[in-house]
Amino acid sequence: MIKFSHTNKDKCLTFFLGYNRLMSNNLVDVIGEQFDFGFTGRTNVLDRNSNQFLGAIYQIDGVIVKCSFRGLGGKKGFFKALYESLVQAKIKYISEPEILDESIAEFRLTKQEMLQELQVFLREYRDSQKLKPPGHLKLAIITEFFLSGTDVTPSEFDLLKMLTEYAKVSDIYTHSEIAETEVTQGLIGLRKKGALAVVGDH
């Protein structure tokens, strides 16, 4: 008869209970429960409608150590995934137990740290919503801005590159690989620095 250690029992329980529950629970609850069980493995994140693979969250003994999501890595990708689960309900997820080496760790987050940082992230998101420009506006880069030598942040630089492809505000938010709060802050920053002009409102 096969005997399981206590740790293996926990991992098996996480897998068999988790697979059925992951589709309905939000991602915060799922990751939190897996932390309680000391889960080691990955949680694959999928588009709810198309089943397209969007990224994965990695845990070792429950601790979150790595994430990639929609082209974003680290904590930015992790909290963007949590946001889409909690606020937009656009994703689903499946957990897979897997042997992981500590060398893959890019950061470390305990359950308590995750919940604390998530509160800050959601508060910043709510604040940024009040400042978010209307989606129908069309923006253009003011040519003279490039000659001014004004410094820009990494997020602002990414947005300037995007504005060479997209003019409509809603398209910028849709296609940006940085967090929504950073898009809002970046657009506000560029407008204050005289980099952007509104060229259309429909």
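Basis of the calculations
Per chain, the residues get numbers from 1 upward, laid out in the order the sequence is written. Given that this is a predicted model, residues contribute local features only at a pLDDT of at least 70 and side-chain atom pairs are listed and counted only at 80 or more, while totals for whole chains, interfaces and linings are drawn from all residues. Side-chain metrics in this entry use all non-hydrogen atoms of the structure; hydrogen atoms and water are not considered. Helix numbering and strand numbering both begin at the N terminus, where a helix is a DSSP run of H or I of at least 4 residues and a strand a DSSP run of E of at least 2. Throughout, exposure labels follow a simple rule: accessible area from a 1.4 Å probe, protein chains only, divided by the maximum for the residue type, with under 20% read as buried, over 50% as exposed, and the rest as partly exposed. Throughout, a residue-residue contact means that at least one pair of heavy atoms, one from each residue, lies within 4.5 Å. For accessible areas, the Shrake-Rupley method is used with a probe of radius 1.4 Å. Any residue's cover is judged against the shown protein chains and nothing else. This count recognises Lys and Arg as positive and Asp and Glu as negative, with His and chain-terminal groups excluded. By definition here, a salt bridge exists when the distance from a side-chain nitrogen of Lys or Arg to a carboxyl oxygen of Asp or Glu is within 4 Å. Polar contact is the term for a pair of N or O atoms within 3.5 Å; when the atoms are in protein, one must be able to donate a hydrogen and the other to accept it, and sequence-neighboring residues count only if both atoms are side-chain atoms. Aromatic contacts are taken between Phe, Tyr and Trp rings whose centres are within 6.5 Å, Trp giving its six-membered ring; a plane angle under 30 degrees counts as stacked, one over 60 as edge-to-face, and the others as tilted. Only when the NZ of Lys or the CZ of Arg is both within 6 Å of the ring centre and within 35 degrees of the ring normal is a charge said to sit over the ring. Regarding the arc, it is the one traced by the directions from the helix axis to the C-beta atoms. Think of a 1 Å grid over the protein atoms and nothing else: a 1.4 Å probe that fits but is trapped marks a cavity, an open set flanked by protein within 12 Å on at least five of seven lines marks a pocket, and residues with an atom within 4 Å of a point count as lining. Grid points are joined across faces, edges and corners, and a volume is the space filled by probe spheres set on the points. Charged residues are taken to be Asp, Glu, Lys and Arg, nonpolar residues to be Ala, Val, Leu, Ile, Met, Phe, Trp, Tyr, Cys and Pro, and polar residues to be all remaining types, Gly included. One bridge is not enough; two strands pair if DSSP finds at least two bridges between them. Axis lines are fitted through C-alpha atoms, for helices just across the contact stretch, and the angle between N-to-C directions can take any value from 0 to 180 degrees. The cut-offs work like this: below 35 degrees is roughly parallel, past 145 is roughly antiparallel, 65 to 115 is roughly perpendicular, and the gaps in between are oblique. Take the far helix as your reference; a near helix turned counterclockwise from it by less than a right angle gives a left-handed crossing, and one turned clockwise gives a right-handed crossing.

Caption draft 1: Focus on the overall build of the protein. Counting its secondary structure elements, the protein contains 8 helices and 7 strands. Relative to its 202 residues, the protein shows a buried fraction of 42%. For the protein, restricting intrachain contacts to residue pairs at least 6 apart in sequence, the fraction spanning at least 24 positions comes to 67%. When the accessible surface of the protein is totalled, it reaches about 11300 Å², and 53% of it is carbon and sulfur.

Caption draft 2: Quick look at the side chain of lysine 92. Mapped onto the secondary structure, lysine 92 falls in strand S5 (residues 91–97). Among buried Asp, Glu, Lys and Arg side chains, lysine 92 stands out as unpaired, with aspartate 47 the closest opposite charge at 7.8 Å. One polar contact links lysine 92 to asparagine 51, side chain to side chain, over a distance of 2.4 Å.

Caption draft 3: Summary view of the packing of aromatic side chains. Inspection of the entire model under this criterion finds 5 aromatic pairs. Their ring planes at 25 degrees and their centres at 6.0 Å tell us that phenylalanine 79 and phenylalanine 121 sit as a pair that is stacked. Taken together, the residues span a long stretch of sequence, with phenylalanine 79 in helix H3 (residues 74–88) and phenylalanine 121 in helix H4 (residues 111–131) at a distance of 42 residues. Site record: aromatic cluster; members linked through ring pairs are Phe78, Phe79, Tyr83, Phe121 and Tyr125. The ring of tyrosine 58 carries lysine 66 above its face, with NZ or CZ at 5.4 Å from the centroid. Over the face of the ring belonging to tyrosine 173 we find lysine 132, whose NZ or CZ atom lies 4.5 Å from the ring centre.

Caption draft 4: Region of the structure containing helix H6 (residues 154–162). Within the span of H6, buried status applies to Ser155, Glu156, Leu159, Leu160 and Met162. Buried residues in H6, looked at end-on, bunch into an arc of 160 degrees, giving them a common side. Buried-residue contacts for H6 involve strand S6 (138–141), helix H5 (143–148), helix H7 (169–175) and helix H8 (180–192).

Caption draft 5: Structural context of empty space enclosed by the protein. Within this structure, the stated rule accounts for 1 cavity of 30 Å³ or more. When its volume is computed, the largest cavity comes out at roughly 40 Å³. Around the largest cavity, the lining residues are Lys80, Tyr83, Phe121, Tyr125, Ala179, Glu180 and Thr181. Counting residues per element, the ones that place at least two in the lining of the largest cavity are H3, H4 and H8. Here the residues of the lining of the largest cavity sort into 4 nonpolar, 1 polar and 2 charged.

Caption draft 6: Quick peek at the sheet that holds strand S3 (residues 63–69). Across the sheet, which stays open at both edges, the 5 strands sit in the order S4-S3-S2-S1-S5 with antiparallel pairing between neighbours. Two strands lie at the open edges of the sheet, namely strand S4 (72–73) and S5, each paired on one side alone. Taken together, the 7 bridges between strand S1 (residues 41–47) and S5 define a ladder with antiparallel strand orientation. From the neighbouring strand, valine 45 faces S5, where its bridge partner is tyrosine 93.

Caption draft 7: Focus on the packing of H4 against H8. Relative to each other, H4 and H8 sit at 40 degrees, their axes nearing to 9 Å. Looking at the two axes, H4 sits oblique to H8. Crossing hand, H4 versus H8: left-handed. For the pair H4 and H8, contact is made by Glu124, Tyr125, Ser128, Gln129 and Leu131 and by Glu180, Thr181, Thr184 and Ile188, respectively. Each residue belonging to the contact of H4 with H8 can be placed in one class, and the counts come to 3 nonpolar, 4 polar and 2 charged.

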